[in-house]
Amino acid sequence: MRVSKIVVFGAGGRAGRRVVAEAAGRGHEVTAVVRDPAKYPALAGAGVRVVAGDVTDLDGVAGAAAGHDAAVQAATRMDVPSAEFYTAAARALTGGLARAGVSRLVALGIGTLLEVSPGVRLVDTPDFPADHRAFSLGHAAELEVFEASELDWVVLAPPPVFLDDSAARTGRYRIGGGQVPALEPPLSFADLAVAVVDEVERPGHHRVQVAVSY
């Protein structure tokens, strides 16, 4: 395995922190992008450089990604409408990564956009909670921007349940297709990070959303 330079947007979140740790633990050079580095002193460490940045700023994305081999999108915002944030982030990523010469993007998605039957997404089922629908459709808008780009992207969508924030890394996971996977046992953030870094090291899925679960 060659050492890669990986830029992680949203590195301060629960998933982002695990991705940074997983990548650095494998010997990769990681640039951890957060909005306020002072809030994340624990991120810095061997092989990890923490920088300030905004995933919705195209120029900032291009600057942070320059010289890297791949990017990870793990950023989210709960104080901004979902469609607004994810559309802006996807546009900045597709434009900024292209400018920086980074062709590989591994993004974290949401399991509610996976299908429960052919052509029927979980988010479109009659009993889906209305208050969660807007957030899910923000991710759908992000996917549309990725699909219109020339990036080599993949979106990894975990099961539509709360992930395990405390379970230790096992290194196990399963990549499925576009269908909602089994919900139990709940996937851990640590093993989601394993799947993300594996897709950086050995790209196996291209320009598609896929489920990741146990």
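Student: Which residues make up the environment of Phe 146, and what values go with them?
Tutor: Topologically, Phe 146 is positioned in helix α4 (residues 130-147). Take Phe 146: its relative accessible area is 0%, and that puts it in the buried class. Phe 146 sits 91 residues away from Val 55 along the chain, and the two C-alpha atoms are 14 Å apart. Discounting chain neighbours no more than four positions away, the residues touching Phe 146 are Ala 90, Leu 93, Thr 94, Leu 105, Ala 107, Trp 153, Val 155 and Arg 207.

Student: I'd like a rundown of the packing of helix α2 (residues 58-65) against helix α3 (residues 82-100), residues and numbers included.
Tutor: Across the interface, α2 lies against α3 with an axial gap of 8 Å and an inter-helix angle of 45°. Taken together, α2 and α3 sit at an angle that is classed as oblique. In the crossing of α2 with α3, the sense of the turn from one axis to the other is right-handed. Within the contact between the two elements, α2 uses Leu 58, Asp 59, Val 61, Ala 62 and Ala 65 and α3 uses Arg 91, Ala 92, Leu 93, Gly 95, Gly 96, Leu 97, Arg 99 and Ala 100.

Student: Now, about the environment of Leu 187: what can you tell me, with residues and values included?
Tutor: Within the secondary structure layout, Leu 187 lies in the loop between β9 (174-175) and α5 (189-201). Among all residues touching Leu 187, those that are not within four sequence positions of it are Pro 158, Pro 159, Leu 163, Asp 164, Leu 192, Val 212, Ser 213 and Tyr 214.

Student: Got a sec to walk through the nonpolar core? Specific residues and values, please.
Tutor: In a soluble, globular protein the nonpolar side chains are often hidden away together inside. With 33 residues, the main nonpolar core has Phe 9, Leu 97 and Phe 146 as its most contacted residues. Contributions of two or more residues to this core are made by β1 (5-9), α2, α3, β5 (104-108), α4 and β8 (152-157). Considering each element in turn, this core owes the most residues, seven residues, to α3. Core analysis: the second largest hydrophobic core is formed by 30 residues, Val 48, Ala 70, Val 200 and Val 210 among them.

The rules behind the values
- Residues numbered from 1 in each chain as written.
- Predicted model: local features only at pLDDT ≥ 70, side-chain atom pairs only at ≥ 80, totals over all residues.
- Heavy atoms only, no water.
- Helix = DSSP H or I, 4+ residues; strand = E, 2+ residues; numbered from the N terminus.
- Buried < 20%, exposed > 50% of the residue type's maximum accessible area, 1.4 Å probe, protein only.
- Contact = heavy atoms within 4.5 Å.
- Axes fitted to C-alpha atoms, helices over the stretch in contact; angles between N-to-C directions.
- Parallel < 35°, antiparallel > 145°, perpendicular 65-115°, else oblique.
- Left-handed = near helix turned anticlockwise from the far one by under 90°.
- Core = buried A, V, L, I, M, F, W, Y, C linked by side-chain atoms within 4.5 Å.

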